[in-house]
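Close look at the chain arrangement
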Amino acid sequence: MVAILEYSIVLLAYICIYLGIAAVEVMGPAEEAEISASDVPRLLVVTIGINLIVFLGIGLLLMLIFNRLQMVQLTLQEQPLLSSAAWIAIVVLLLIIAVNGIHSFYHASGGVEQVDPVVEALRGYFKSPWLVLAVGAPVMFLAAGLPEEFMRCYVIANGIRSKSTVLLYLAVLLTSAAFAAGHFYQGTVAMVSLFVVGLVFGIVYVIRQSFWTMVFLHTTYNVVVLLLPTLGLKQP
């Protein structure tokens with residue numbers, strides 16, 4: 001009974017976090033539409049702080065409450081380093097291809113992609129591949145890979161521990177939907193793309209059951225997305 005309660009509350013918390021992010025972005029002040037590349041360092045620092053506090057803070061609090069002040073192991077199976085690196089490389093490549101395909105199909109269908117000012121500012125700031133690797137990589141680790149995957153893995157790990165296929169599939173689907181909804185402000189095509197990305201992340205965790213594989217998978221994907229335009233390649 002306690003395990004199901006923990007599963008339900010952690011999943012609900014995950015969904016509420018992303019819906020809250022979407023609500024804040026949608027109802028934010030109008031001046032956010034005018035973001036320049038010079039604003040990016042401040043935004044990155046703020047984002048790191050907020051994500052660490054919200055995702056890690058809430059996740060750790062719930063973990064301690066439900067597990068008698070003890071941490072829960074999110075790596076259910078230890079994985080060899082080279083095997084994890086290969087998985088990350090292959091999954092990132094497939095995701096880039098899939099997301100580019102979604103965007104291309106959307107454009108071919110006559111859709112007009114919504115331009116998010118924050119994304120545009122990031123593109124304007126990260127013009128050098130060296131800057132992406134030196135600054136973008138640690139930022140994506142702290143702002144996305146570590147905090148966001150902590151909560152995702154916590155939710156799905158509870159689904160795995162429940163021994164219920166239904167609860168496990170539900171965890172993967174709902175975390176993917178919430179992840180996409182949290183990027184509502186980026187437009188429909190971005191939400192569809194990120195639902196696919198979230199779904200793949202969830203499936204990889206179910207297969208690999210390694211928290212750090214997920215952290216570096218998410219980080220690597222974000223870094224590659226930032227890196228592609230600096231190399232003259234198409235960004236999804």
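**Describing the overall build of the protein chain**
When you go through the protein chain residue by residue, the secondary structure sums to eight helices and zero strands. In the protein chain, the order of α-helices and β-strands from amino to carboxyl end is α-α-α-α-α-α-α-α. Here the C-alpha radius of gyration of the protein chain, 18 Å, is about what a compact globule of 236 residues would show, namely 18 Å. Overall size of the protein chain, expressed as C-alpha extent along the three principal axes, is 50 × 40 × 35 Å. The buried share of the protein chain, reckoned over its 236 residues, is 44%. Within the protein chain, contacts between residues separated by at least 24 positions form 80% of all contacts whose residues are at least 6 apart in sequence. In the structure as shown, the protein chain presents an accessible area of about 11,900 Å², 73% of it carried by carbon and sulfur atoms. In the protein chain, 9 side chains carry a positive charge and 12 a negative one; their mean positions are 12 Å apart.

**Side note on the state of the cysteines**
In the structure shown here, the tally under the stated rule is zero disulfides. Here Cys-16 is not cross-linked by a disulfide; its sulfur's nearest cysteine counterpart is in Cys-153, at 20 Å. With a relative accessible area of 44%, Cys-16 lands in the partly exposed category.

**Looking at the pattern of salt bridges**
Counting across every chain of the model gives two salt bridges. Note that Arg-123 and Glu-120 form a salt bridge whose closest N and O atoms lie 2.7 Å from each other. With Arg-123 and Glu-120 both in helix H4 (residues 117-125), this residue pair falls three residues apart, about one helical turn. For Arg-123, a relative accessible area of 34% puts it in the partly exposed group. Judged by relative accessible area, which is 37%, Glu-120 ranks as partly exposed.

**Brief notes about the packing of aromatic side chains**
Given two aromatic rings, their pairing is described by the distance between the two centres and the angle made by the two planes. Summed over all chains, the structure comprises nine aromatic pairs. Measuring from ring centre to ring centre gives 6.4 Å for Phe-201 and Tyr-221, while their planes differ by 85°; the resulting arrangement is edge-to-face. Placement of the pair is Phe-201 in helix H7 (residues 188-208) and Tyr-221 in helix H8 (residues 211-230), with a sequence separation of 20 residues. Per residue, the accessibility class of Phe-201 equals that of Tyr-221, and both read buried. A connected cluster of aromatic rings, assembled from ring pairs, spans Phe-141, Phe-150, Phe-211, Trp-212 and Phe-216. Taking NZ or CZ as reference, Arg-152 lies 4.9 Å from the ring centre of Phe-179, over its face.

**What to know about the nonpolar core**
Counting 47 residues, the largest nonpolar core has Leu-74, Val-197, Tyr-205, Leu-217 and Tyr-221 as the members making the most contacts within it. Of all elements in the fold, only helix H1 (2-26), helix H2 (40-66), helix H3 (81-108), helix H5 (129-161), helix H6 (165-181), H7 and H8 reach the threshold of two or more residues within this core. The greatest single-element share of this core, amounting to nine residues, is contributed by H5. When near neighbours in sequence (up to four residues on either side) are disregarded, Leu-74 contacts Met-63, Phe-150, Cys-153, Tyr-154, Ala-157, Tyr-205, Gln-209 and Phe-211. Core analysis: the next-biggest nonpolar cluster, separate from the first, contains 14 residues, Ile-35, Ala-143, Leu-226 and Leu-227 among them.

**Remarks on unusual backbone geometry**
Unlike most non-glycine residues, Lys-163 shows phi in positive territory, near 65°. Here Lys-163 lies in the loop between H5 and H6. For Lys-163, a relative accessible area of 75% gives the class exposed. Backbone geometry at Gln-209 places phi at a positive 55°, although glycine is not the residue there. By secondary structure assignment, the location of Gln-209 is in the loop between H7 and H8. Since its relative accessible area comes to 13%, Gln-209 is described here as buried.

Criteria and cut-off values
Residues numbered from 1 in each chain as written. Predicted model: local features only at pLDDT ≥ 70, side-chain atom pairs only at ≥ 80, totals over all residues. Heavy atoms only, no water. Helix = DSSP H or I, 4+ residues; strand = E, 2+ residues; numbered from the N terminus. Rg over C-alpha atoms; globule rule 2.2 N^0.38 Å. Buried < 20%, exposed > 50% of the residue type's maximum accessible area, 1.4 Å probe, protein only. Contact = heavy atoms within 4.5 Å. Areas by Shrake-Rupley, 256 points an atom, 1.4 Å probe, with all protein chains shown as cover. Lys, Arg positive; Asp, Glu negative; His and termini not counted. Charge placed at Lys NZ, Arg CZ, Asp CG, Glu CD. Disulfide = S-S within 2.5 Å. Salt bridge = Lys/Arg side-chain N within 4 Å of Asp/Glu carboxyl O. Phe/Tyr/Trp six-rings, centres within 6.5 Å; stacked < 30°, edge-to-face > 60°. Lys NZ or Arg CZ within 6 Å of the ring centre and 35° of its normal. Core = buried A, V, L, I, M, F, W, Y, C linked by side-chain atoms within 4.5 Å.

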